[in-house]
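# Examination of the molecular architecture
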Amino acid sequence: MGTLFEPFFAGAVTLAAAAALIAAMAAQAPQSTTGTSPAPGRTFPAPTNLKVLPMDLTGQQVNALMEQWQAALGTRCSLCHAKDREKTDAGGEPLLDFAADSKPLKGVARIMFQMTEEINTRYVSRIDGSGVPVTCGTCHGGHLSPDPFVLPDDRKPTGAQGQPAESAQPQ
Ligand code: HEC
Ligand code: HEC
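Residues numbered from 1 in each chain as written. Chains lettered and ligands numbered in written order. Predicted model: local features only at pLDDT ≥ 70, side-chain atom pairs only at ≥ 80, totals over all residues.

## Concerning the overall build of the protein chain
The criterion, for reference: Put simply, DSSP marks the helices as runs of H or I at least four residues long and the strands as runs of E at least two long, and each gets a number from the N terminus on. Whether a residue is buried, exposed or partly exposed is read from the other C-beta atoms within 10 Å of its own C-beta, which are placed from the backbone; 20 or more gives buried, 12 or fewer gives exposed, and intermediate counts give partly exposed. Throughout, a residue-residue contact means that the two C-beta atoms, derived from backbone geometry, are no farther apart than 7 Å.
Within the protein chain one finds four helices and two strands. Walking the protein chain from its N terminus toward its C terminus, one meets helices and strands in the order α-α-β-β-α-α. Split into buried and exposed, the 171 residues of the protein chain put 12% on the buried side. When contacts within the protein chain are restricted to residue pairs at least 6 apart in sequence, those whose partners lie at least 24 apart make up 51%.

Here is the structure:
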C-alpha cells in the first residue's frame, strides 16, 4: 500500500505523503460537486476497515476522497454503503454504516481502486514526464456506467453506412 501514487514522487513515498496527495486531489474537486460538503463542526471518526486505501488516512481524508468518488461516478454514498440498522439521524432516517462491507458495490469499488492504482504505478508512470494520473473520473466521467466512446459524425470514416472505407484501413 506504500506504493500508492509512488511514481508521482521522486524517491520513496511515505503513507503520509500519499495521504497528503489524496487530500490535495480532493481539494481540487470541481466546485459543482461540493453540495455534499460537511457542515462546519462535523467530525470524521478514524476509519476502522480500510483494506485498499492507506491505513493511516484520517477520517477527514477518507471523507474527502469519498466525495471525489461519489462525484466521479455521479452517485451517492449509499451506492456503496449500507444503512446502519441501529443508528438514525435527528429525523429518524437511518445513517450509513461506512465500515460495513455488506454492499457488493463496495467490493467492486475496492477492485476499481486497485486497478486505477496499478494503471498509474505500472503504466502511466512509465511515460516520460507524465504527471496526469488516471482517476475514477477519467473513465466514469460522472456516470456509474462509463459512456461508450462514440465517434462524432464529422470524424466518421467516409465508407458506406459508416463502415470503414478501404482507403481508411491501416496499411
Ligand atoms: C463507489 C463506491 C463508494 C462510494 C460512492 C462511497 N464510498 Fe465510502 N468507501 C468505499 C470503499 C470501497 C471503502 C473502503 C476502502 C478500503 O477498503 O480501503 C469506503 C470507505 C469509507 C469510509 C471508511 C469506513 C471505515 O471505517 O473503514 C468512510 C467513512 C466512507 N467510505 C464514507 C463515504 C461517504 C461519506 C461517501 C459519500 C460522500 C462515500 N463513502 C461514498 C466505497 C464508496
Ligand atoms: C480504466 C477505466 C476505469 C477506471 C479508472 C475506473 N473504472 Fe469503474 N468501471 C469501469 C468499467 C468499464 C466498468 C464496468 C461498467 C459496466 O459494466 O457497465 C466499471 C464499473 C464500476 C462500478 C460498478 C458499476 C455497476 O453498475 O455495477 C463501480 C462501483 C466503479 N466502477 C467504481 C470505480 C471507482 C470508485 C473508481 C476509482 C477508484 C473507478 N471505478 C475507476 C472503468 C473504470
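## Re the site of ligand 1
Where we set the bar: To decide whether a residue is near a molecule or strand, its C-beta atom is placed from the backbone and checked for lying within 6 Å of it. Under the scheme applied here, ten amino acids are nonpolar (Ala, Val, Leu, Ile, Met, Phe, Trp, Tyr, Cys and Pro), four are charged (Asp, Glu, Lys and Arg), and all others, including Gly, are polar.
By nearness alone, 26 residues border ligand 1, and Pro47, Leu53, Met66, Cys77 and Cys80 come closest of all. Going through the elements one at a time, helix H2 (59–73) and helix H3 (104–123) are the ones with two or more residues in the shell around ligand 1. Of the residues forming the shell around ligand 1, the biggest block, seven residues, is contributed by H2. For the shell around ligand 1, the class distribution of residues is 15 nonpolar, seven polar and four charged.

## Description of the nonpolar core
Convention followed: In plain words, the nonpolar core is the set of buried Ala, Val, Leu, Ile, Met, Phe, Trp, Tyr and Cys residues that C-beta atoms within 7 Å link up.
With ten residues, the main nonpolar core is built from Leu53, Leu57, Val62, Ala64, Leu65, Trp69, Ala71, Ala72, Leu73 and Cys136. Sort the elements by how many residues they give to this core and H2 lands first, with seven residues.

## Comments concerning H2
Rules: Helix span, as expected, comes to 1.5 Å for every residue beyond the first.
Over its 15 residues, H2 runs 21 Å from end to end, which matches the ideal 21 Å to within 8%, given 1.5 Å per residue. Looking at H2, one finds that the buried residues are Gln61, Val62, Asn63, Ala64, Leu65, Gln68, Trp69, Ala71, Ala72 and Leu73. Downstream of H2 by one or two residues, Gly74 has phi in the positive range, about 60 degrees.

## Let's talk about the pairing of strand E1 (residues 83–88)
What counts here: What makes two strands pair is DSSP finding at least two bridges between them.
Among the six residues that make up E1, zero are buried, leaving the element largely open to the surroundings. Where E1 and strand E2 (residues 94–96) come together, two bridges link them in antiparallel fashion. The residue of E2 that forms the bridge with Lys83 is Leu96. Between E1 and E2, which pair antiparallel in sequence order, lie five residues; one of them, Gly92, sits at a positive phi of approximately 85 degrees.

## Overview of the environment of Glu67
Tracing the backbone shows Glu67 in helix H2. Given 19 C-beta atoms within 10 Å, Glu67 falls into the partly exposed group. Remark: the alpha-carbon pair of Glu67 and Cys77, spanning ten residues in sequence, is separated by 8.2 Å.

## Topic: the site of ligand 2
For ligand 2, the set of nearby residues contains 16 residues, the closest of which are Met112, Phe113, Cys136, Cys139 and Ser145. Secondary-structure elements contributing two or more residues to the shell around ligand 2 are H2, H3 and helix H4 (136–140). Looking at the shell around ligand 2 element by element, the count peaks at six residues for H3. Class assignment for the residues of the shell around ligand 2 results in twelve nonpolar, four polar and no charged.

## Examining the environment of Leu79
Turning to its location among the elements, Leu79 is positioned in the loop between H2 and E1. Separated by 26 residues in sequence, Leu79 and Leu105 have C-alpha atoms that sit 7.1 Å apart.

## Side note on the environment of Ser78
With respect to the secondary-structure elements, Ser78 resides in the loop between H2 and E1. Taking the C-alpha atoms as reference, Ser78 lies 9.2 Å from Phe98; in sequence the two are 20 residues apart.

## Some points on the confidence of the model for the protein chain
Going by this rule: The pLDDT score gives, residue by residue, the confidence of the prediction method on a 0 to 100 scale.
Model confidence for the protein chain is summarised by a mean pLDDT of 79, while 68% of its residues fall at 70 or above. Mean pLDDT in the protein chain bottoms out at helix H1 (residues 15–27), which sits at 46, and peaks at H2, which reaches 98. Residue range residues 1–17 is modelled with pLDDT below 50. Its contacts to residues more than four positions away, or to other chains, number 24 contacts. Ignoring residues within four places in sequence, the model shows residues 26–36, a span with pLDDT below 50, making twelve contacts including any to other chains.

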